[in-house]
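# Overview (structure and organization)
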Amino acid sequence: MLSHLPEADNAKQRLSSALNSNINGKDELRLLRVTDPESVAVESLYNGPKIKLPLDRNQIEILIDAFKKGKQLHAKYVLVVLHETRRLLLQKANINHASTSTAKQITICGDIHGNIENLFTIFYKNGLPGVDNPYVFNGDFVDRGAHSVEVAMVLFSCFIVHPNDVYLNRGNHEDHIMNARYGFIKEVMFKYKEYASKICRLFEDVWSQLPLATVIDTKVFVAHGGISDKVDLGLVSKLNRCKFKSVLRPPHNVNLIDDINKQKTSLEQQKSILEWRQVLDLLWSDPKNQKGCTANTFRGGGCYFGEDTTTMFLEKNGLTLLVRSHECKQVGYEFTHHEKVINLS
């Protein structure tokens with residue numbers, strides 16, 4: 001039986017978090033109503049894992065064990081985990097700061113893409129997250145693999161238990177348009193059928209709440225894709241990331257970006273385009289052996305950034321290393337730009 005905060009108190013807590021983070025109150029109430037876990041009944045024959053808030057390490061271990069045995073988390077508990085994750089994410093900054101002062105180390109993980117076995121292997125070799133074992137998961141948790149829901153549930157559960165020791169960066173696949181193309185929505189529909197629309201709707205919102213980057217010990221910048229010559233961390237830290245449900249959908253005419261000062265657009269439109277470009281470049285860009293930045297024609301979003309752009313970005317922000325994912329490397333990692341950038345698969 002699900003046991004957590006009383007429905008009314010829990011809804012008030014979620015609404016309060018949202019109202020303090022630039023989210024429209026009416027939209028929030030509508031989302032809470034449509035995705036309310038209390039609207040989903042758990043069948044008496046259900047024998048999968050159960051979620052009880054507050055979550056603890058023991059429940060994470062039970063959840064992982066159930067997934068190893070091929071069991072499926074009930075739709076009600078998926079919604080509970082998503083709502084609690086969302087509540088905590090609303091309290092996080094766009095750029096979060098991690099420290100190794102306590103643990104003396106931190107683990108950064110690249111793309112998981114729904115491969116639950118890879119995640120199990122990471123935890124088997126390196127241990128579960130905790131105060132003495134912090135992690136940064138650098139986006140692309142879902143799509144392509146067959147167990148994207150389970151990967152998200154494990155990562156989110158770890159974050160709920162250790163919100164200050166588990167850092168979740170948004171990747172370019174934390175996007176409902178990408179999910180429609182690369183399998184995640186199809187997976188949710190297959191596994192959850194009548195409740196799929198509720199779950200997909202809430203995932204879509206959670207993706208937009210994910211932070212955009214993590215800075216470790218004030219020196220190491222971690223973002224999913226990379227940077228560009230237009231990325232401004234001051235602007236990134238202040239923008240409202242929640243409004244970018246899909247980075248593939250620009251707020252206005254994308255052609256305004258390259259010559260924005262000459263366009264007859266409002267200041268609000270100009271600001272919105274500049275903010276969108278920040279998010280797009282952080283999530284979609286790739287390093288390349290070239291000078292400057294050019295359009296990322298292969299991906300159709302973000303840019304190719306050269307070593308000069310990397311050096312300028314690091315020096316301007318007092319950083320020494322850029323850690324990014326977004327690409328598969330044969331040995332799991334690769335240094336580039338004279339070891340100023342490390343790519344993690």
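Residues numbered from 1 in each chain as written. Predicted model: local features only at pLDDT ≥ 70, side-chain atom pairs only at ≥ 80, totals over all residues. Heavy atoms only, no water.

## A word on the pairing of strand 5 (residues 213-216)
Burial along strand 5 is two-sided: the residues Ala213 and Val215 and Thr214 and Ile216 are all buried. In this structure, strand 1 (residues 95-98) lies alongside strand 5, joined through four bridges in parallel fashion. Each bridged residue has a counterpart across the sheet, and for Asn96 the counterpart in strand 5 is Thr214. Pairing analysis gives three bridges linking strand 5 to strand 6 (residues 220-222), with the strands arranged antiparallel. Bridge pairing in strand 6 places Val215 opposite Phe221. Here strand 5 folds back onto strand 6 in antiparallel fashion, the turn holding three residues, of which Asp217 has a positive phi close to 50°. (Buried < 20%, exposed > 50% of the residue type's maximum accessible area, 1.4 Å probe, protein only. Helix = DSSP H or I, 4+ residues; strand = E, 2+ residues; numbered from the N terminus. Pairing = 2+ DSSP bridges.)

## Concerning the layout of surface pockets
Within this model, the second largest pocket holds a volume of roughly 260 Å³. Forming the boundary of the second largest pocket are 16 residues, of which Arg144, Asn172, His173, Arg299 and His326 lie nearest the centre. The element that contributes the greatest number of residues to the lining of the second largest pocket is helix 7 (residues 176-182), accounting for three residues. Counted by class, the lining of the second largest pocket contains five nonpolar, five polar and six charged residues. (1 Å grid on protein atoms, 1.4 Å probe; cavity = no way out; pocket = protein on both sides within 12 Å on 5 of 7 lines; lining within 4 Å. Points joined across faces, edges and corners; volume = space filled by probe spheres on them. Nonpolar A, V, L, I, M, F, W, Y, C, P; charged D, E, K, R; others polar.)

## A look at the nonpolar core
Judged by nonpolar contacts, the single largest core of 55 residues is most densely connected at Leu73, Phe137, Met153 and Phe156. Counting only elements with at least two residues in this core, the list comes to helix 3 (57-68), helix 4 (75-89), helix 5 (116-126), strand 3 (135-137), helix 6 (148-161), strand 4 (166-168), helix 8 (184-192) and helix 9 (196-209). Sorting elements by how many residues they give to this core places helix 6 first, with 10 residues. When near neighbours in sequence (up to four residues on either side) are disregarded, Phe137 contacts Cys109, Ile112, Leu119, Phe123, Leu155, Val166, Tyr167, Leu168 and Asn169. (Core = buried A, V, L, I, M, F, W, Y, C linked by side-chain atoms within 4.5 Å. Contact = heavy atoms within 4.5 Å.)

## Considerations on the sheet that holds strand 8 (residues 293-295)
The sheet built from three strands is open, its strands ordered 7-9-8 with mixed pairing. At either margin of the open sheet sits one strand with a lone partner, and together these are strand 7 (286-287) and strand 8. Both strand 8 and strand 9 (residues 303-305) contribute to a ladder of three bridges, which runs antiparallel. Following the sheet pairing, Cys293 is matched in strand 9 by Phe305.

## Re helix 2 (residues 25-34)
All buried positions along helix 2 are accounted for by Glu28, Leu31 and Leu32. Down the axis of helix 2, the buried set is contained in an arc of 100°. They therefore lie on one face. Turned more than 90 degrees away from the buried face of helix 2 sit Lys26 and Arg33, all of them exposed. (Arc of directions from axis to C-beta.)

## Section: empty space enclosed by the protein
Summary: where empty space remains is shown by rolling a probe the size of a single water molecule over the atoms. The full count for this structure, using the stated rule, is one cavity of 30 Å³ or more. Approximately 40 Å³ is the volume found for the largest cavity. Around the largest cavity sit Lys92, Asn96, Phe159, Val166, Tyr167, Leu168 and Pro211, which together line it. Considering each element in turn, the lining of the largest cavity owes the most residues, three residues, to strand 4. Split into classes, the residues belonging to the lining of the largest cavity amount to five nonpolar, one polar and one charged.

## As for helix 12 (residues 307-316)
Within helix 12 the residues assigned to the buried category are Thr309, Thr310, Phe313 and Leu314. The arc that holds every buried residue of helix 12, seen down its axis, measures 125°, which confines them to one face. Facing away from the buried side of helix 12 by more than 90 degrees, the exposed set consists of Glu315 and Lys316. In the core, the buried residues of helix 12 are packed alongside strand 6, helix 10 (233-238), strand 8, strand 9, strand 10 (321-324) and strand 12 (341-344).

## Observations regarding the packing of helix 5 against helix 6
Orientation of helix 5 relative to helix 6, taken along the N-to-C sense of each, is 35°, at an axis distance of 9 Å. For the pair helix 5 and helix 6, the sense of crossing is left-handed. Contact residues: Ile116, Leu119 and Phe123 in helix 5; Glu150, Val151, Val154, Leu155 and Cys158 in helix 6. Along the lines of polarity and charge, the residues of the contact of helix 5 with helix 6 split into seven nonpolar, no polar and one charged. (Axes fitted to C-alpha atoms, helices over the stretch in contact; angles between N-to-C directions. Left-handed = near helix turned anticlockwise from the far one by under 90°.)

## Details of the environment of Lys198
Looking at the secondary structure, you find Lys198 in helix 9. Overall, Lys198 belongs to the buried group, its relative accessible area being 18%. Between the C-alpha atoms of Lys198 and Asp36, which are 162 residues apart in sequence, the distance is 8.5 Å.

## Digging into the pairing of strand 11 (residues 333-336)
Across four bridges, strand 11 lies against strand 12 in antiparallel orientation. Across the sheet, residue Phe335 finds its bridge partner in strand 12, namely Ile342. Taken together, strand 11 and the strand that follows it, strand 12, pair antiparallel across an intervening segment of four residues, in which His337 is found at a positive phi of about 55°.

## Some words on a nonpolar patch on the surface
A cluster of nonpolar side chains, namely Val331, Tyr333 and Phe335, defines an oily patch on the protein surface of about 320 Å² accessible area. Structurally, Phe335 can be placed in strand 11. (Patch = residues over 30% accessible without salt bridge, like charges linked within 9 Å, V, L, I, M, F, W, Y side chains within 5 Å. Areas by Shrake-Rupley, 256 points an atom, 1.4 Å probe, with all protein chains shown as cover. Salt bridge = Lys/Arg side-chain N within 4 Å of Asp/Glu carboxyl O.)

## Some remarks on the side chain of His176
Structurally, His176 is set in helix 7. Using a relative accessible area of 18% as the deciding quantity, one classes His176 as buried.

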